[in-house]
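Each chain, written out:
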Amino acid sequence: MSTEIFYDADADLSLIQGKKVAIVGYGSQGHAHAQNLRDSGVEVAIALKEGSKSVQKAHDEGFSVMTVAQATEWADLIMILAPDQHQRSIYSESIAPNLKPGKTLAFAHGFNIRFGYIDAPEGVDVILVAPKAPGHTVRREYVAGRGIPDIIAVERDASGQAWDVALSYAKAIGGTRAGVIKTTFTEETETDLFGEQAVLCGGMSHLVQAGFEVLTEAGYQPQIAYFEVLHELKLIVDLMWEGGIAKQRWSISDTAEFGDYVSGPRVIDAGTKERMKEVLADIQSGAFAKRFIEDQDNGAQEFLALREKEQGHPIEATGKELRALFAWKQTDEDYVEGSAAR
């Protein structure tokens with residue numbers, strides 16, 4: 001299947017400029033979408049629950065703030081940027097009763113549509129516009145005259161214009177400056193979850209923890225182990241981000257490169273790949289989504305227990321202690337905020 005990529009010339013900005021857009025949520029992605037849309041000449045309102053701590057922030061930044069129900073009634077396009085586990089209740093309580101044919105329901109992650117937690121009525125377009133970066137980066141790049149690549153999808157094209165509107169929205173937030181890739185809700189959701197679980201978050205963090213444990217259990221200083229398996233990880237990832245795995249291998253020493261080739265496959269072997277396939281199967285079947293949502297509905301007991309357990313790993317205490325000893329201090333500007341929270 002050939003990849004379709006769209007740029008500024010492929011999108012008609014006037015389509016989204018002719019619509020009233022409600023942004024549900026004013027967190028990392030919400031503030032970036034809202035501000036970029038406004039700067040692109042789009043009429044925007046922020047939809048928040050009464051009492052939300054984001055209300056004052058949105059007011060301070062010059063936005064009209066409505067309840068979700070009011071915004072759904074008012075808007076032509078409703079972009080839902082609340083966390084996955086909260087979207088279902090927000091939709092059923094405040095959006096669905098006010099959603100009429102001719103409106104567009106938009107998402108930046110396909111989770112709730114893919115797994116059936118939200119089912120929009122007939123006559124409503126359902127689209128996805130997902131920037132591949134955290135919100136502060138989406139905003140920063142837009143202000144600088146650049147953009148972040150987006151991916152777009154259409155689950156339902158009731159109007160016959162859903163694809164054009166998705167492209168127009170992507171242009172308004174800066175995506176077509178960098179390039180927009182056409183996908184599906186299923187592909188976006190399943191690959192996003194797999195990337196997070198098997199590589200970017202689950203795979204990486206547990207590989208780092210295991211490496212730390214091997215070194216410290218062998219008698220090496222935890223501070224040295226921390227530097228070798230965690231601190232230097234950013235340097236390697238930056239090289240990969242800039243020029244792929246090939247640039248990373250070109251940039252490191254011959255000793256490190258040879259070790260990559262001969263020892264990497266001993267850690268990440270055929271068994272690892274088979275277990276990755278099992279992770280993907282759980283995602284595709286909906287088993288992971290079911291486990292996550294049922295746990296959230298049960299007060300997130302498993303989630304919170306796992307968080308507490310992982311925060312107690314010795315590498316966390318070592319890192320906190322070590323970072324406090326140095327005159328050089330890490331800041332948010334040194335790092336790119338993780339996408340797993342979209």
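Along each chain, residue indices are assigned from 1 in the same order as the chain's sequence is written. Confidence filtering applies because this is a predicted model: local features only for residues at pLDDT of at least 70, side-chain atom pairs given and counted only at 80 or more, and all residues used for totals across whole chains, interfaces and linings. Values reported for side chains reflect all heavy atoms of the structure, with hydrogen atoms and water molecules removed beforehand.

**Q** Help me understand the sheet that holds strand E3 (residues 43–47) in this model?
**A** Backbone-to-backbone hydrogen bonds join strands into a sheet, with any given pair of strands oriented parallel or antiparallel. At least two DSSP bridges between two strands are required for those strands to pair. For the purposes of this entry, the term helix denotes a DSSP run of H or I that reaches at least four residues, the term strand denotes a run of E that reaches at least two, and both are numbered from the N terminus. As summarised here, the arrangement of the 9 strands in space is E1-E9-E8-E7-E6-E5-E2-E3-E4, forming an open sheet in which the pairing is mixed. Taken across any chain shown, the strands that pair with only one partner, and hence form the sheet edges, are strand E1 (5–6) and strand E4 (64–66). Inspection of the sheet shows strand E5 (residues 77–80) paired to strand E6 (residues 104–107) by 4 bridges, in the parallel sense. Its bridge partner being in E6, methionine 79 is matched across the sheet by alanine 106. Helix H2 (residues 28–39) contacts strand E2 (20–24), E3, E5 and strand E7 (125–131) of the sheet and is inclined by roughly 165 degrees relative to E2. Contact criterion: two residues are considered in contact whenever any of their non-hydrogen atoms come within 4.5 Å of each other. Angular values range over 0 to 180 degrees, each being the angle between N-to-C directions of two axes fitted as lines to C-alpha atoms, with helices fitted over their stretch in contact.

**Q** Would you explain helix H18 (residues 314–325) in this entry?
**A** Given 3.6 residues per turn, any residue in an α-helix points the same way as the ones three and four places further on. Helix span, expected: 1.5 Å multiplied by one less than the number of residues in the helix. The terminal C-alpha atoms of H18, which comprises 12 residues, lie 17 Å apart, in line with the 16 Å expected from a rise of 1.5 Å per residue. Taken together, the buried positions of H18 are occupied by Ile315, Thr318, Gly319 and Leu322. Seen along its axis, H18 keeps its buried residues to an arc of 100 degrees; they face one direction. Counted as exposed and oriented over 90 degrees from the buried face of H18: Ala317, Lys320 and Ala324. Those residues of H18 that are buried are in contact with helix H11 (202–217) and helix H12 (222–231). Working definition: with a 1.4 Å probe on protein chains only, accessible area under 20% of the residue-type maximum means buried, over 50% means exposed, and in between means partly exposed. As used here, the arc belongs to the directions running from the helix axis to the C-beta atoms.

**Q** How should the pairing of E5 be read in this particular structure?
**A** Along E5, one buried face is formed by Leu77 and Met79 and the opposite face, lined by Ile78 and Ile80, is buried too. The definition of a right-handed crossover adopted here requires that, viewed with the strands pointing away, the path from the first strand over the helix to the second runs clockwise. This β-α-β element, E5 to helix H5 (residues 84–95) to E6, shows right-handed connectivity.

**Q** What am I meant to see in the packing of aromatic side chains here?
**A** The geometry of an aromatic ring pair is captured by the separation of the ring centres together with the interplanar angle, meaning the angle of the planes. Whether two aromatic rings pair depends on their centres lying within 6.5 Å, for rings of Phe, Tyr and Trp, where Trp uses its six-membered ring; planes under 30 degrees apart make the pair stacked, over 60 edge-to-face, and the rest tilted. For the structure on display, the rule yields 8 aromatic pairs. An angle of 10 degrees between the planes, with centres 6.1 Å apart, marks the rings of phenylalanine 111 and tyrosine 117 as stacked. Here the aromatic rings of phenylalanine 227 and phenylalanine 326 are separated by 6.0 Å at their centres, their planes lie at 90 degrees, and the arrangement is edge-to-face. Highlighted residues: phenylalanine 227 in helix H12 and phenylalanine 326 in the segment after H18, separated in sequence by 99 residues. On the basis of relative accessible area, phenylalanine 227 is assigned to the partly exposed category, the value being 26%. By relative accessible area, phenylalanine 326 is classed as partly exposed at 39%. A connected cluster of aromatic rings, assembled from ring pairs, spans Phe111, Phe115, Tyr117, Phe288 and Phe292. Stacked on the ring of tryptophan 163, the Lys or Arg lysine 182 has its end atom at 4.5 Å from the ring centre. We count a charge as sitting over a ring when the NZ of a lysine or the CZ of an arginine lies within 6 Å of the ring centre and within 35 degrees of the ring normal.

**Q** What should I look at first to understand the pairing of E3 in this one?
**A** Each regular strand carries side chains that alternate between the two faces of the sheet. Taking burial as the measure, the 5 residues of E3 include 4 buried ones, the bulk of the element. Of the pairings in the sheet, the one linking E2 to E3 comprises 5 bridges and is parallel in character. Bridging from a neighbouring strand, isoleucine 23 pairs with isoleucine 46 of E3. What joins E3 to E4 is helix H3 (residues 54–60), and the crossover it makes is right-handed.

**Q** What exactly am I supposed to notice about helix H15 (residues 270–285) here?
**A** Between its terminal C-alpha atoms H15 stretches 23 Å, which fits the 22 Å expected from 16 residues at 1.5 Å a residue. Capping of H15 at its N-terminal end is provided by aspartate 269; its side-chain oxygen lies 3.1 Å from the backbone amide nitrogen of glycine 271. Immediately downstream of H15, the backbone of glycine 286 shows phi near 90 degrees, a positive value. Polar contact criterion, stated in full: a pair of N or O atoms within 3.5 Å, where within protein one must be able to donate a hydrogen and the other to accept it, and residues adjacent in sequence count only if both atoms are side-chain atoms.

**Q** When you look at the pattern of salt bridges in this model, what are you seeing that I'm missing?
**A** Two side chains that carry opposite charge are able to pair once their charged atoms sit near each other. A pair is scored as a salt bridge if a Lys or Arg side-chain nitrogen falls within 4 Å of a carboxyl oxygen belonging to Asp or Glu. On inspection of all chains with the given rule, the structure shows 15 salt bridges. Residues arginine 140 and glutamate 141 are paired through a salt bridge, measuring 3.5 Å at the closest nitrogen-oxygen approach. We classify arginine 140 as partly exposed; its relative accessible area is 46%. Residue glutamate 141 is classed as buried on the basis of its relative accessible area, which comes to 12%. Between glutamate 242 and lysine 247 there is a salt bridge, and its shortest N-O distance comes to 3.1 Å. Judged by its relative accessible area of 48%, glutamate 242 falls in the partly exposed class. Through salt bridges with shared partners, a single ionic network connects Arg140, Glu141 and Arg146.

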